[in-house]
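Descriptive analysis of the structure
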Amino acid sequence: MNCEEAEVLVHALIDGELDAGHAREVEAHIEGCAHCAALMKEYQEIRQAIAESDVRYKAPLELRRKIEKALPQPQAAPTRRSVLRGFAMGSAVSAMAATGLVAIVLRNDDEQRVENEVVSAHLRSLQAGHLIDVVSTDQHTVKPWFNGKLDVSPPVIDLTAQGFTLIGGRLDYVNAREIGAVVYKRRQHVINLFVAQTANTERKSAKISTLQGFNIRRWSDRGLNYWAVSDLGADELTEFGDKFESAMHANKEG
Amino acid sequence: MVVKASQDDPEKARRFREAALPYLDDAYTLARYLLRDAADAEDAVQECYLRAFKHFDSYRGPAMKPWLFAILRNVCRAEYARRKTAPTAVEELPEGGDQTPLWNEAPETPERQLLRRFDGDTVRKLVAALAEPFRETFVLREIQNLSYREIADVAAVPVGTVMSRLARARAMLRSAWLAEQEQVK
């Protein structure tokens, strides 16, 4: 193999796209050719540098909103109605009995979908430069930042003393609407706490679930739904949720 | 022109959201590099998603990301065509530019100095300065992590062309990188 061929094939070698036979040929050439060996080293270094730098862009929220708006809106109600229409063919009594069941099934579906979405949002946030819109370890900076950006102001609580460092906040998009995310860190693990308004003010105690290797702790309190998502273990995420909830209660009472 | 989405299929919309919206940042990143303009990129991605939704019924694969990219690339090419007629046309590859020999960009053997690391803005600038079609190939490979086969499908060219374009792109970027390094010294 000559240098001219190697200079093209070396890229496929770097990218792991060469079959074993060609890979050996290129490697053999590089072993005996200082020029190509040095080039390959540089290409690898540049590749590494690019992989480690922030070269991606984040889609503006406005763009996400415009696309969402152009798509038919998700409507849980019509689906439910069309299911019930089937039942209505039978006796009124069985339809009544079925309503509870259907509602439960659908609600679980909805919950599953929203959990999928918060995990996607969590994954998106981990890409370079996407994690936080407002960088601050001060709850009195993060909380006002949300004002005017959302129809609900997510509670921002400093849990540094409890071992969870507040690092900032972010606007995100879940379930076809804007949602606030408060971002915490424990060691190198990121916790996204998503907060959304709900019409239901009933308190729902925490549930832990796992999706795509991430743990989700979900609970509801005082008209807000919470999802804490992290790669932290279930025990530590539970600890986070417990500390957050007790700090919330202390705040309200104090 | 904006394609109007039909209003009668929330279930289709739900599946589409789940499948396609996670790639919104990827699509926007690609559009930014292809068009080098934030507002145009935004328009192109919006158009891409509406077209994708329209054709979502017939989507059977490949993976969602390359499928979206193929649509996005077509939208961006339409934008190139529009700009060409506009007074401030962007640079287009001269005829046969694809065949320019590699060694035009690959300078003398490196003298093993360490490559400097640049911040994200500088790296973005260097990548954005690559000429087409090398920029497109490079971004699909290095920033979007597509395989050669997927890049070939998105760009509608043979895999061999992907390989030669990528070799040129990396050689050009290496030269630009070294030049930048020289400048800030």
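Residues numbered from 1 in each chain as written. Chains lettered and ligands numbered in written order. Predicted model: local features only at pLDDT ≥ 70, side-chain atom pairs only at ≥ 80, totals over all residues. Heavy atoms only, no water.

1. Notes on the overall build of chain B
Quick reminder of the rule: A run of DSSP states H or I qualifies as a helix once it reaches four residues; a run of E qualifies as a strand once it reaches two. Both are numbered from the N-terminal end. Buried means the residue's accessible area, taken with a 1.4 Å probe over protein chains only, is under 20% of the maximum for its type, while exposed means over 50%, and partly exposed covers the values in between. Using a 1.4 Å probe, accessible areas were evaluated by the Shrake-Rupley method; residue-level cover was limited to the displayed protein chains.
Scanning chain B from N- to C-terminus turns up eight helices and zero strands. Taking all 185 residues of chain B together, 54% fall into the buried category. Total accessible area on chain B is roughly 8800 Å²; 52% of this is exposed by carbon and sulfur atoms.

2. Things to note about the overall build of chain A
Short version of the rule: Here, residues are in contact when the closest pair of their heavy atoms is within 4.5 Å.
Summing up its helical and strand segments, chain A has eight helices and seven strands in all. Going through the 254 residues of chain A one by one, you find that 47% of them count as buried. Residue pairs at least 24 apart in sequence account for 59% of intrachain contacts in chain A once pairs closer than 6 positions are excluded. When the accessible area of chain A is evaluated, it comes to approximately 12200 Å², of which 53% is carbon and sulfur surface.

3. Concerning the layout of surface pockets
The rolling of a water-molecule-sized probe over the atoms marks out the regions of remaining empty space. The criterion, for reference: Using protein atoms alone on a 1 Å grid, points that fit a 1.4 Å probe yet trap it form a cavity, whereas open point sets bounded by protein on both sides within 12 Å along at least five of seven lines form a pocket; residues with an atom within 4 Å of a point count as lining. Grid points are joined across faces, edges and corners, and a volume is the space filled by probe spheres set on the points. Gly is put with the polar residues, along with every residue not named as nonpolar or charged; the nonpolar set is Ala, Val, Leu, Ile, Met, Phe, Trp, Tyr, Cys and Pro, and the charged set is Asp, Glu, Lys and Arg.
What the second largest pocket holds in volume is close to 510 Å³. Lining of the second largest pocket is provided by 24 residues; of these, R56(A), Q127(A), D26(B), I143(B) and N145(B) occupy positions nearest its centre. Of all the secondary-structure elements, those providing two or more residues to the lining of the second largest pocket are α3 (34-52) and α6 (92-126) of chain A together with α2 (24-35) and α6 (134-143) of chain B. Tallying contributions element by element places α3(A) first for the lining of the second largest pocket, with six residues. Residues of the lining of the second largest pocket, tallied by class, amount to eight nonpolar, seven polar and nine charged.

4. Thoughts on the sheet that holds strand β2 (residues 165-174) of chain A
All names here are of chain A. Where we set the bar: A pair of strands is labelled paired if DSSP reports no fewer than 2 bridges between them. Fitted lines through C-alpha atoms give the axes, limited to the stretch in contact for helices. The angle between two N-to-C directions lies from 0 to 180 degrees.
The seven strands lie next to each other as β1-β2-β3-β4-β7-β6-β5, forming an open sheet whose pairing is antiparallel. The open sheet has two edge strands, β1 (134-135) and β5 (204-211), and neither has a second partner. Across nine bridges, β2 lies against strand β3 (residues 177-186) in antiparallel orientation. Opposite L171, over in β3, you have G180 as the bridge partner. The sheet strands contacting helix α7 (residues 139-146) are β1, β2 and β3, and the helix crosses β2 at an angle near 15°.

5. A few points about the interface of chain A and chain B
For clarity, the cut-off: Buried area: the sum, over both parts, of the accessible surface (1.4 Å probe) that disappears when the two are put together. Each reported salt bridge corresponds to a side-chain nitrogen of Lys or Arg within 4 Å of a carboxyl oxygen of Asp or Glu.
Across the contact, 46 residues belong to chain A and 53 residues belong to chain B. Contact between chain A and chain B buries roughly 4900 Å² in total, counting both sides, with carbon and sulfur atoms accounting for 61%. The three residues of chain A that bury the most area against chain B are E42(A), Y57(A) and P72(A), which together make up 16% of that side's buried surface. Counting every contact that joins chain A to chain B gives 10 salt bridges. Where R56(A) meets D26(B), a salt bridge forms, and the shortest distance between an N and an O atom there is 2.3 Å.

6. Describing the packing of aromatic side chains
Test applied: Think of it this way: a Phe, Tyr or Trp ring, Trp meaning its six-membered ring, pairs with another when their centres are within 6.5 Å, and the plane angle makes it stacked under 30 degrees, edge-to-face over 60, tilted otherwise. For a lysine, the NZ atom is tested; for an arginine, the CZ atom; a charge sits over a ring if that atom is within 6 Å of the ring centre and within 35 degrees of the ring normal.
For the structure shown, the criterion picks out 15 aromatic pairs over all chains. Residues Y57(A) and Y33(B) carry aromatic rings whose centres are separated by 5.5 Å and whose planes lie at 65° to one another, so their mutual orientation is edge-to-face. Separated into two different chains, Y57(A) in the loop between α3 and α4 (61-70) and Y33(B) in helix α2 make up a pair that spans both. The class for Y57(A) is buried, based on a relative accessible area of 14%. Joined through ring pairs, the aromatic side chains of F164(A), Y184(A), W219(A), Y226(A), F240(A) and F244(A) make up one cluster. Geometry around F53(B) places K12(B) over its ring, the cationic atom sitting 4.4 Å from the centre. A cation over an aromatic ring shows up here: R124(B) above the ring of Y57(A), its NZ or CZ 4.2 Å from the ring centre.

7. Some details on empty space enclosed by the protein
All names here are of chain A. Evaluation of the coordinates by the stated rule reveals three cavities of 30 Å³ or more. Considering the residues around the second largest cavity, the lining is formed by L150, D151, V152, R177, E178, I179, G180, V195, A196 and Q197. Among the secondary structure elements, those contributing two or more residues to the lining of the second largest cavity are β3 and β4 (189-197). When grouped by side-chain class, the residues that make up the lining of the second largest cavity number five nonpolar, two polar and three charged.

8. Let's talk about the pairing of β5(A)
Where β5(A) and strand β6 (residues 214-221) of chain A come together, six bridges link them in antiparallel fashion. Across the sheet, the residue bridging to S209(A) is I216(A), located in β6(A).

9. Some words on the environment of A247(A)
Residues and elements named next belong to chain A. Counting through the fold element by element, A247 comes out in helix α8 (residues 234-253). On the basis of relative accessible area, A247 is assigned to the buried category, the value being 16%. It is 7.5 Å that separates the C-alpha atoms of A247 and I157, two residues lying 90 residues apart in sequence. Beyond its immediate chain neighbours, meaning those up to four positions away, A247 contacts I157 and L159.

10. Concerning the nonpolar core
Heads up, the rule is: Note on terminology: a nonpolar core comprises buried Ala, Val, Leu, Ile, Met, Phe, Trp, Tyr and Cys residues joined through side-chain atoms within 4.5 Å.
Counting residues in hydrophobic clusters, the biggest one holds 82 residues, and the most contacted among them are V45(B), Y49(B), L72(B), L173(B) and W177(B). Residues V142(A), V156(A), L193(A) and L237(A) belong to the second largest nonpolar core, which totals 27 residues.

11. Some remarks on α3(A)
Applicable threshold: To estimate how far a helix should reach, multiply one less than its number of residues by 1.5 Å.
Helix length check: α3(A) (19 residues) gives 27 Å between terminal C-alpha atoms against 27 Å at 1.5 Å per residue, within 8%. The set of residues buried in α3(A) consists of C36(A), A38(A), L39(A), M40(A), E42(A), Y43(A), E45(A), I46(A), A49(A) and I50(A). Packed against the buried residues of α3(A) are α1 (3-14) and α2 (20-31) of chain A together with α5 (120-128), α6 and α8 (159-184) of chain B.

12. A short note on a negative patch on the surface
All names here are of chain A. Put simply, the rule reads: Note on patches: the residues involved have over 30% relative accessible area and no salt bridge, like charges join within 9 Å, and the nonpolar side chains Val, Leu, Ile, Met, Phe, Trp and Tyr join within 5 Å. His is not counted, nor are the chain ends; Lys and Arg add positive charge and Asp and Glu add negative charge. We put the charge of a Lys on NZ, of an Arg on CZ, of an Asp on CG and of a Glu on CD.
Together, E4, E5, D19 and E25 make up a negatively charged patch on the protein surface. Its location among the elements puts E4 in helix α1. Given the relative accessible area of 52%, E4 is considered exposed.

13. Comments concerning the confidence of the model for chain B
Residue and element names in this part refer to chain B. Operational definition: Confidence of the predictor in every single residue is expressed as pLDDT, which spans 0 to 100.
Summing up the model confidence of chain B, the mean pLDDT is 82 and the portion of residues at 70 or higher is 79%. Within chain B, no element has a lower average pLDDT than helix α1 (residues 10-20), which sits at 86, and none a higher one than α2, at 96. Confidence drops under pLDDT 50 across residues 1-7; counting only partners more than four residues distant or on other chains, this segment forms 14 contacts. Segment residues 88-107: pLDDT under 50, and 38 contacts once partners within four positions in sequence are set aside and those in other chains are kept. Our summary of model confidence lists the complex with pTM equal to 0.58 and ipTM equal to 0.81.

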